[in-house]
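A look at the structure
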Amino acid sequence: TPSGALAGRTVLVTAGGTREAIDPVRYLGNRSSGKMGFAIAAAAADRGADVTFVTTMQPPADLAQRVRVVSVESALQMRDAVLAATPDVLVMAAAVADFRPDHVADAKIKKIHGDDSAPVITLVRNPDILAEAVRQRDAELQPTAPSTNVSSRVIVGFAAETGDADGDVLHHARAKLARKGCDVLVANEVGDGVTFGQDSSTAHLLRRGSDDVVTVGPAPKSHIAAALLDLVADLVPSQ
Ligand code: C5P
């Protein structure tokens, strides 16, 4: 039986790109493969955590046997699943769509014969699930007396940054870490087929309140997951 800091802890991992319905057959999506989330969920299960996996993608069968799978499609569904839970560790690896169509057509949108016009799809902003999860945690923990034994949830966000120089990526990542209020941010460099859908990538792990950066890679996503969980294990209060 695994013994480290994550053994017996509840860990919620989100993965995959959300799909924002246009009509019953169409959606707006993105190129996220969910592989980083799969790797983190598997690594957490290896360490004995009780893992809930909120995903838009079908997880590999061996992973599905070891974690509780909650299948979702849209950002709003993912938000409900995430905010309903109070895990010890939340890892927002999903690529959540920033926008969704303002309404979902009841029937398939059809082209009209003899009419060359095209529909206009108006987008509205999706909620920022990560930022809401941080606010929810902070609201829960505030009224508690210091003497009570609350476990402060560790919240991890991701950033897919395009940038040429490392400095650029790290600069944006620092700003995002501060803005979102999460404890750890995993910054990936993306663009031109880098990272999305690949088995390997380079990640920079940043911690709130620390100038240290752990850079992993280019390495398999399983290595990045292991480095991330090592860092998270240090932040989880001892039981
Ligand atoms: O702001 P940006 O989309 O770059 O932030 C990425 C991080 O925020 C990821 O952890 C992602 O899962 C999360 N996110 C979210 N809800 C959104 C957009 C992003 O939770 N609507």
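Quick notes on the rules
Residues numbered from 1 in each chain as written. Predicted model: local features only at pLDDT ≥ 70, side-chain atom pairs only at ≥ 80, totals over all residues. Heavy atoms only, no water. UniProt positions renumbered as here; feature names shortened; annotations may be inferred. Helix = DSSP H or I, 4+ residues; strand = E, 2+ residues; numbered from the N terminus. Rg over C-alpha atoms; globule rule 2.2 N^0.38 Å. Contact = heavy atoms within 4.5 Å. Areas by Shrake-Rupley, 256 points an atom, 1.4 Å probe, with all protein chains shown as cover. Lys, Arg positive; Asp, Glu negative; His and termini not counted. Charge placed at Lys NZ, Arg CZ, Asp CG, Glu CD. Buried < 20%, exposed > 50% of the residue type's maximum accessible area, 1.4 Å probe, protein only. Pairing = 2+ DSSP bridges. Patch = residues over 30% accessible without salt bridge, like charges linked within 9 Å, V, L, I, M, F, W, Y side chains within 5 Å. Salt bridge = Lys/Arg side-chain N within 4 Å of Asp/Glu carboxyl O. Axes fitted to C-alpha atoms, helices over the stretch in contact; angles between N-to-C directions. Parallel < 35°, antiparallel > 145°, perpendicular 65-115°, else oblique. Left-handed = near helix turned anticlockwise from the far one by under 90°. Nonpolar A, V, L, I, M, F, W, Y, C, P; charged D, E, K, R; others polar. Core = buried A, V, L, I, M, F, W, Y, C linked by side-chain atoms within 4.5 Å. Near = heavy atom within 4 Å. Polar contact = N/O pair within 3.5 Å; in protein donor to acceptor, adjacent residues only side chain to side chain. Arc of directions from axis to C-beta.

With an unreviewed UniProt entry as reference, the protein is termed Coenzyme A biosynthesis bifunctional protein CoaBC, source organism Dermacoccus nishinomiyaensis. Checking UniProt for the protein, the heading Function (unreviewed entry) contains the comment "Catalyzes two sequential steps in the biosynthesis of coenzyme A. In the first step cysteine is conjugated to 4'-phosphopantothenate to form 4-phosphopantothenoylcysteine. In the second step the latter compound is decarboxylated to form 4'-phosphopantotheine."

**Re the overall build of the protein**
Looking only at helices and strands, the protein features six helices and 12 strands. Taken over C-alpha atoms, the radius of gyration comes to 19 Å for the protein, in line with the 18 Å a tight globule of 239 residues would show. Its C-alpha atoms give the protein principal-axis dimensions of about 70 × 40 × 35 Å. Here the contacts in the protein between residues at least 6 apart in sequence split such that 63% fall between residues at least 24 apart. Here the protein displays about 12,700 Å² of accessible surface, and carbon together with sulfur accounts for 50% of that area. Treating the 24 positive side-chain charges of the protein as one cloud and the 29 negative ones as another, the clouds have centres 3 Å apart.

**So, the pairing of strand S10 (residues 184-189)**
Summarising burial for S10: five of the six residues are buried, a large majority. Bridging between strand S9 (residues 154-161) and S10 involves six bridges; their strand directions are parallel. By the bridge assignment, Val156 is partnered in S10 with Val184. Of the pairings in the sheet, the one linking S10 to strand S11 (residues 200-207) comprises five bridges and is antiparallel in character. Looking at the pairing, Val184 lines up with Arg207 of S11.

**Thoughts on a nonpolar patch on the surface**
On the surface, Leu28, Phe99, Ile121 and Leu123 cluster together into a nonpolar patch covering about 330 Å² of accessible area. Its place among the elements puts Phe99 in strand S7 (residues 99-101). Judged by relative accessible area, which is 42%, Phe99 ranks as partly exposed.

**Observations concerning the packing of helix H1 (residues 35-46) against helix H6 (residues 221-235)**
Packing of H1 against H6 brings their axes to within 8 Å, and their N-to-C directions diverge by 55°. Classified by the angle their axes make, H1 and H6 are oblique. The element H1 and its partner H6 pack so that their crossing is right-handed. Across the interface between the two elements, Lys35, Met36, Ala39, Ile40, Ala43 and Ala44 of H1 pack against Lys221, Ser222, Ile224, Ala225, Leu228 and Leu229 of H6. Tallied by class, residues from the contact of H1 with H6 come to nine nonpolar, one polar and two charged.

**Brief notes about the nonpolar core**
Core analysis: the largest hydrophobic core is formed by 38 residues, its most contacted members being Ile40, Val91, Phe158 and Leu228. Ranked by size, the runner-up nonpolar core spans 21 residues in total, among them Leu12, Val54, Ala94 and Ala159.

**Overview of the site of the ligand**
Taken together, the neighbourhood of the ligand is formed by 13 residues, with Met92, Ala94, Pro127, Leu130 and Lys176 sitting nearest. In this structure, an oxygen atom belonging to the ligand sits 2.7 Å away from a main-chain N or O atom of Ala94. Residue Phe158 places a main-chain N or O atom 2.8 Å away from an oxygen atom belonging to the ligand. Considered on its own, the ligand offers 440 Å² of accessible surface; in the complex 85% of this is hidden by protein. Elements that contribute at least two residues to the shell around the ligand include exactly helix H4 (129-141), S9 and helix H5 (166-180).

**A few points about the sheet that holds strand S1 (residues 10-15)**
Across the sheet, eight strands lie side by side as S5-S4-S1-S6-S9-S10-S11-S12; this open sheet has mixed pairing. For this open sheet the edge positions go to strand S5 (68-71) and strand S12 (213-220), each flanked by a neighbour on one side alone. Ignoring which end each strand starts from, the neighbouring axes of this sheet average 20° apart. On top of the sheet, H4 reaches strand S6 (89-92) and S9; it is set at about 160° to S9, its chief contact. On top of the sheet, H6 reaches S6, S9, S10, S11 and S12; it is set at about 155° to S12, its chief contact.

**Some remarks on helix H3 (residues 75-83)**
Listed as buried for H3 are Ala75, Met78 and Val82. One side of H3 holds all its buried residues, which, seen down the axis, span an arc of 60°. Check the buried side of H3 and you find it contacts S1, strand S2 (20-21), strand S4 (50-55), S6 and H4.

**Topic: the pairing of S6**
Residue alternation in S6 divides its side chains into two sets, Val89 and Val91 and Leu90 and Met92, and both sets are buried. Relative to S6, S1 runs parallel, the two sharing four bridges. The partner of Leu12 across the bridge, within S6, is Leu90. Pairing analysis gives four bridges linking S6 to S9, with the strands arranged parallel. Among the inter-strand pairings, Val91 is bridged to a residue of S9, identified as Val156.

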